[in-house]
Every structure is written in structure tokens, then in C-alpha cells.
Protein chains: 2
Amino acid sequence: MQKGIKVALDAMGGDHAPQEIVKGAVDAVNANQNIHVFLVGQKDKVERELKQYSYPLEQISIVDAEEVIETAEPPVMAIRKKKKSSIVLGMNMVKQKEADAFVSAGSSGAVLVGGQVIVGRIKGIERPPLAPLIPTEKGVSLLIDCGANVDARPSHLVQFAKIGSIYMKHVVGIENPKVAIVNIGAEEEKGNALVKETFPLLKECEDINFTGSIEAREIPHGEADVIVCEAFTGNVILKLYEGLSSTLLGVVKRGLMSSLRSKIGALLIKPALKETLKSFDASVYGGAPLLGLTGLVVKTHGSSGATEIRNAILQCLTFKEQEINEKIKNNINSSGQG
Amino acid sequence: MQKGIKVALDAMGGDHAPQEIVKGAVDAVNANQNIHVFLVGQKDKVERELKQYSYPLEQISIVDAEEVIETAEPPVMAIRKKKKSSIVLGMNMVKQKEADAFVSAGSSGAVLVGGQVIVGRIKGIERPPLAPLIPTEKGVSLLIDCGANVDARPSHLVQFAKIGSIYMKHVVGIENPKVAIVNIGAEEEKGNALVKETFPLLKECEDINFTGSIEAREIPHGEADVIVCEAFTGNVILKLYEGLSSTLLGVVKRGLMSSLRSKIGALLIKPALKETLKSFDASVYGGAPLLGLTGLVVKTHGSSGATEIRNAILQCLTFKEQEINEKIKNNINSSGQG
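Just so it is clear, the model here is predicted, and its values are computed rather than measured.

1. Observations regarding the pattern of salt bridges
- Under the defined criterion, the tally for this structure stands at 14 salt bridges over all chains.
- With its nearest N and O atoms 3.8 Å apart, the salt bridge here joins lysine 320 of chain A to aspartate 100 of chain A. In this pair, lysine 320 of chain A is assigned in helix α10 (residues 306-322) and aspartate 100 of chain A in the loop between α4 (86-95) and β4 (101-104), connecting sequence segments 220 residues apart.
- For aspartate 100 of chain A, a relative accessible area of 25% puts it in the partly exposed group.
- Where lysine 23 of chain B meets aspartate 27 of chain B, a salt bridge forms, and the shortest distance between an N and an O atom there is 3.4 Å. Placement of both lysine 23 of chain B and aspartate 27 of chain B in helix α1 (residues 19-31) is noted, with a separation of four residues, approximately one turn of the helix.
- Classification of aspartate 27 of chain B as partly exposed rests on a relative accessible area of 24%.

In C-alpha cells:
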């Protein structure tokens, strides 16, 4: 398992745990023999699910975690009190290097707090952002931050811009990535207090390619490689992306059933349409890494099914190869884009 | 012209002024003989455009306004200094009852400030919100606020919830409209400081049907009739709606051209697809009224073309009949849903 990866998976996190999570783990190890998954969760429940499937036995093991952190729990308290929860135990495995990555569809807040408190931040990182790649007309853009870091300060957004630039340059391979801040108008004078304070600071940054404001309308056109915003706004953008794409797909499908003519047409276009809309489906991307930690922590949607979990696990192989956090560590304290 | 309307139109506002604005006015009067449009703007420029078209001459007149308020100008200063601008003159026509409505694609900030300072607020209204109807799977929802009122306070959001309920009940005709606040999770504990402070206040409101948080993912499904948020978030939602719908349409079109099979299918589905996607095109709705003023002020997108301007003018007929602001006035200070 030279090139393999050991993934600690939160078997109890998310709306469809443990069923879909366990199925996702099975699908992942069946897809790639270089993956070992530790299913961290309540042993009896996880075993019951796992029994249904066939898979290479040596690729999955169960780590018993008797406690469960619920989505509604205040995160700081939950991480502090529930030492035997899947999130705390899984994070500890990353810290102790027993696992290369931790993947969870559970409480965003608890994953964020656990990442900082247990795994630990890279020196100099103020707030580790959750930064998913979102599909655009031109490819992908990095939306930074979508985490639970609400009510950020200008200095946080400036650091997100730097971290995002490092990611897009060193991981995605885009030279001189364009950085823009989400705003309600193109002019520098526009915006809320946070954006107005942050804008001049970004302009002064010599180590990023800041191109100014971006209106939400322009995001799907791929006008910026790194889209900087505070987490509340980022969360709204990410979730509206998902909701609107799936709603439009449904609306189009129903519309096509409205006449015989279009029904025949629909049969003919089905493969092409499916392929096209898949390229705009955020779930393909599986999960988003929490950037700026000393270990790899990946958060997937709370609503993740087996496919998203499988994709998030497979993605960890890439994240590990790309050495994301190592690259952030080596570049954040020098000149941003290194 | 008993049932007609007189609309003062900002001929100088928006990215495509005065060309598209003048064309929109011509299209509107050609579509409906009960409309009179005052084109407020630089006389020579407006005349030059208007000369190209044929229309009932008695339905359009020009009001000379030598000054122009640019989008980048600080709004308060612009309204105070540029007394001969199209926005100030047009708003004054509404105030003096020389016009029934003012329509502008110009600076949101200036329209908002002008609406408050020149036209005036209904007694008891703290901040007049800009509230467009957005398309959903089930029909339409009111997104309140999308204006230039950034950094709102909890009391503003509570009033938006009340105003939105009145609008959806008395104007759109939905009994007991469901009100939700945009949030990053379904639980009451989630959110930024503003949402956390506002949530309990909304829960206490007896005159609205508050259903809790709504995640952006659920907005296109039409889960709430009144979607409450502060203007920065509302603006992001509205513009991402536009951007993503048009981008997905383009992506689908290009996808369909990828094989002969799907090209034939595309020809067959074209009419149905067009019809379907039109129902999700926000530009059909033309503009949004600024709610809570003593007169009718409608803001359309800065990027409005002739179609949006035409629709916004025609919409004023409906807004006038619906007596939106009269209904807000009669209900806001009593019991919300009256």
C-alpha cells in the first residue's frame, strides 16, 4: 500500500448515517484497492450495515465510537465533552497519523472545531476555511469560505484569498489565479461593511492577482478562479447552486413530457442532457477539504448519499497526492503564490 | 384614460441607457393604449433615439433632465446635489402626483435614497425593502430584501417579514403565507449574529406564519412564500438565480449540439424547452417595487434591455391596481396580515 491511503470515515455523521455512509465506504474500496477505510461509529450499528455487502475484508475495519455528535449540538461543547464520538476519535486518528484523512458528513460546526482543536492549524492560519470547487462554464472555481466561520473579519477574508490562490496554483495548476470578492455591484464603493473594509486590503496584497468585485450573476460564467466571501454568503451560494441545478433539471424533464413531439425529442437528447447536467452537479465533487490544517479533513454535505461518500473517499487519494496542506504551509508565510 | 397609468421612466439609468430604455418605452405604449410614459432624461439624446420609432405620439413625452446620476456615485450625495437628474426629477413627479409610478434601471442606491427622501416612507416603515418575486417549482416566492439596505438590524428583518406577508396575502392572494429566514442550517442554533438575533423575534410575531429557517437549497422548491434576508444575501440569491439559469440554458444548448442524435432531438424539444425555461427566467418579472413608500417606485436590473423595461412599465398597471403600498399602509401598523 505504498501509494494507498487510510481514511477514517465518520459512520454516524449526516442525514443518511449509517446506511449510506457504510455503503459509500464499500463502494469506494470496491473501486480502488489502495484504499483502507476505518468506519468510526457505533460498532453494532455499523456491523449490521456492513454485513449486507461483499468487499475485500482487509480494506475495511470498524473503530468503535459509542457517542454521536448531533447536528444541532453547540460544536465547541460537543467536541469537548464527547471524547468517544466518531468525530473526536476520527480526528484523533489523523492527529496520531493512524489515518491519512478524516471524512465526515456530520455537523459542520463540530468538524470545523474538531479540525482546529484536535488536528490543529498550520502556524499563521487564523481560520481554516472550507473551500469547495464549484462548476462553471469554463471549468471550476474555488468558493472560499463555505464553512461554519460566520461573521468573519477582513483579515480572515484576506487570508482566504491567499490560501485560495495557493490552492488554485499549486493544486489545480492555474497560473496567476484571478481572485475576486463577492459583492452586490462591480464598483469599489458598493458592498456591506465587511466588503468595504476588505476591498482595499485585497488591493494592497502583492502576492495575489486581485481583480475586484464579482456579482453572483457572474460566478457561473467562471470569471474568477478564487471567489472570496464570508461563510454565510458562501454557504448560500453553494446551496443555491445545488438547489437550482436540480430544480431546473426537474422542471426541464417535466416540460419535455408536455407534448408527443417533445417526448420523442426527449428520448433522443437524454444521454447528451444527462452528461451536460452532470458537469454542473456539485455532488460529483464529493466533498471539500478544510484548508490550513496540519492534517487532511474533508467535509461532505449533510445530505450525502453513498455516491457522495464514495467520491469523497476516492478524492482523498488525490488530496493526499496533491499535498494541499503542505503547499499551504510552505507558501502562506512566504509570498502567497510562492 | 380612466384605468390608465402615467409612468415616469428614467431614460438615463442602466447599462443600456438611453437606447434600450427608449425602445422599452415605445414597446410598452405600442402594447397598451392606457399607458403614458414620461421619458425623463437628456432631451437631445432621448429625442435622437425616439425619432427612430413609430408609436402613438400622445403616449410618450420627454421631460428634460440635464444631469445624470452614475452607478458609482455615493447615493446620498448624488440625490442631494443633482437636482436636475432623471432620478430626482422623476421621483418628484411621483411626489407631485404628476406621475403614478417611477421606473429606473439606474443606481440602486440612488433609487433607494430618492424613494425615501423624495417620495417618502409610509409612517412606521423603517427601511423600504426591494422585494422581487422569484420563480420556484410551485409558483413564486417573495425575496425580501434585495435592495441597497446592507447591514440591516434584526428589527428591519422583522418588518420585512410583516411587509412580505401583507404583499403575499393582499397582492398575490396567498392565505396565511409561510415566512422563512435564509439560514445556513435548519436548526435555530445555526446562523450568523444577525440571524440568531432575528430568529426569536420572528418566532414571537403573532401576525405572521413563521416556519423557521430556510436553506438556500430549498428556495427553488418554493418551500416558503416570503423569504426574509438582509439585502446583501438577497442580492446574491437574486443574481445567482439569474446567472445560473442563463448559464445552465447555454450549457444545455451546447450539450445538445454534441451529437446528430441529440441535434434532431433538440429541434423537437425546442419549443417546450423554451417555454419551460422562460418560467424560470427572472427577467419576465421586469422589476421589483420598493415597498413601504407613499408612491410607486420600481427598480429594474441595471442590465435591463428593452424587454425588461417594457415589462416593468406594463407591470406598473398591475401594481397600481393592486394598491400595494396602500395595503401595506393599512396593515403594517395594525396586525400584519390584517
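2. Some details on α10 of chain A
All names here are of chain A.
- Taking 1.5 Å as the rise per residue, α10 with 17 residues should run 24 Å; its terminal C-alpha atoms sit 24 Å apart, in good agreement.
- The complete set of buried residues in α10 reads Ala306, Glu308, Ile309, Asn311, Ala312, Ile313, Gln315, Cys316, Leu317, Phe319 and Gln322.
- Just beyond α10, the residue with positive phi is glutamate 323, at close to 50°.

3. So, the nonpolar core
- If you look at the biggest cluster of nonpolar residues, it comprises 164 residues, and the most contacted ones within it are Leu39 and Ile219 of chain A together with Leu39 and Ile219 of chain B.
- Ignoring sequence-local partners within four residues, the contact set of isoleucine 219 of chain B consists of Leu240 of chain A together with Ile134, Thr136, Val182, Ile214, Ile227, Ile237 and Tyr241 of chain B.

4. Topic: the sheet that holds strand β3 (residues 60-64) of chain B
Residue and element names in this part refer to chain B.
- Pairing is mixed in the open sheet, where six strands are placed in the order β3-β2-β1-β4-β11-β10. The two strands at the open ends of the sheet, each matched to only one other strand, are β3 and β10 (287-289). Within this sheet the neighbouring strands show an average axis-to-axis angle of 25°, counted without direction.
- The strands that α1 touches are β1 (5-10), β2 (35-41) and β3; relative to β2, the one it contacts most, it runs at about 170°.

5. Digging into the interface of chain A and chain B
- Contact with chain A, which involves 57 residues of that partner, is made by 57 residues of chain B.
- If you sort the residues of chain A by the area they bury against chain B, Ile184, Arg217 and Phe232 of chain A come out on top, with a joint share of 14%.
- A salt bridge links glutamate 215 of chain A to lysine 239 of chain B; the nearest nitrogen and oxygen atoms lie 2.3 Å apart.
- Taken together, the connections running from chain A to chain B amount to ten residue pairs in polar contact (both at pLDDT 80 or more).
- Only α7 (193-204), α8 (231-256) and α9 (260-278) of chain A provide two or more residues apiece to the side of chain A that touches chain B.
- A total of 20 residues in the side of chain A that touches chain B trace back to one element, the largest contributor, which is α8 of chain A.
- Split by residue class, the side of chain A that touches chain B holds 29 nonpolar, 17 polar and eleven charged.

6. Thoughts on the packing of helix α6 (residues 154-171) of chain B against helix α7 (residues 193-204) of chain B
All names here are of chain B.
- Two elements in contact, α6 and α7, have axes separated by 9 Å at closest approach and are oriented at 50°. Classed by the angle they form, the pair α6 and α7 counts as oblique. Here α6 runs over α7; the crossing is right-handed. Side by side, α6 and α7 meet where Pro154, Leu157, Val158 and Ala161 of the first sit next to Leu194, Glu197, Thr198, Leu201 and Leu202 of the second.
- When grouped by side-chain class, the residues that make up the contact of α6 with α7 number seven nonpolar, one polar and one charged.

7. Let's talk about the side chain of glutamate 215 of chain A
- Residue placement: glutamate 215 of chain A occurs in the loop between β8 (209-214) and β9 (226-228).
- Polar contacts involving the side chain of glutamate 215 of chain A include one to the side chain of lysine 239 of chain B, which spans 2.3 Å.

8. So, the sheet that holds β8 of chain A
All names here are of chain A.
- Spatial ordering of the open sheet is given by β5-β6-β9-β7-β8, a layout of five strands whose pairing is mixed. Every interior strand has two partners, whereas the edge strands, β5 (133-136) and β8, have only one. Within the sheet, the average angular offset between the axes of one strand and its neighbour, ignoring direction, is 30°.
- Bridge analysis of strand β6 (residues 139-144) against β9 gives three bridges, and the strand direction is parallel. Considered in β9, the bridge of leucine 143 is made with isoleucine 227.

9. Some words on the relation of the copies chain A and chain B
- Its rotation angle being 180°, the transformation that places chain A on chain B also includes 0.0 Å of axial translation and leaves an RMSD of 0.1 Å. Put plainly, the chains are arranged around a two-fold axis. For chain A, the minimum C-alpha distance to the rotation axis belongs to glycine 265 of chain A and amounts to 1.9 Å.

10. Things to note about a negative patch on the surface
- Where like charges cluster on the molecular surface, the negative patch consists of Asp44, Glu47, Asp64 and Glu66 of chain A.
- Relative to the helices and strands, aspartate 64 of chain A is located in strand β3 (residues 60-64).

Parameters and conventions
- Residues numbered from 1 in each chain as written.
- Chains lettered and ligands numbered in written order.
- Predicted model: local features only at pLDDT ≥ 70, side-chain atom pairs only at ≥ 80, totals over all residues.
- Heavy atoms only, no water.
- Salt bridge = Lys/Arg side-chain N within 4 Å of Asp/Glu carboxyl O.
- Helix = DSSP H or I, 4+ residues; strand = E, 2+ residues; numbered from the N terminus.
- Buried < 20%, exposed > 50% of the residue type's maximum accessible area, 1.4 Å probe, protein only.
- Expected span 1.5 Å × (residues − 1).
- Core = buried A, V, L, I, M, F, W, Y, C linked by side-chain atoms within 4.5 Å.
- Contact = heavy atoms within 4.5 Å.
- Pairing = 2+ DSSP bridges.
- Axes fitted to C-alpha atoms, helices over the stretch in contact; angles between N-to-C directions.
- Buried area = accessible area lost by both parts, 1.4 Å probe.
- Polar contact = N/O pair within 3.5 Å; in protein donor to acceptor, adjacent residues only side chain to side chain.
- Nonpolar A, V, L, I, M, F, W, Y, C, P; charged D, E, K, R; others polar.
- Parallel < 35°, antiparallel > 145°, perpendicular 65-115°, else oblique.
- Left-handed = near helix turned anticlockwise from the far one by under 90°.
- Least-squares fit on C-alpha atoms with pLDDT ≥ 70 in both.
- Patch = residues over 30% accessible without salt bridge, like charges linked within 9 Å, V, L, I, M, F, W, Y side chains within 5 Å.
- Areas by Shrake-Rupley, 256 points an atom, 1.4 Å probe, with all protein chains shown as cover.
- Lys, Arg positive; Asp, Glu negative; His and termini not counted.
- Charge placed at Lys NZ, Arg CZ, Asp CG, Glu CD.

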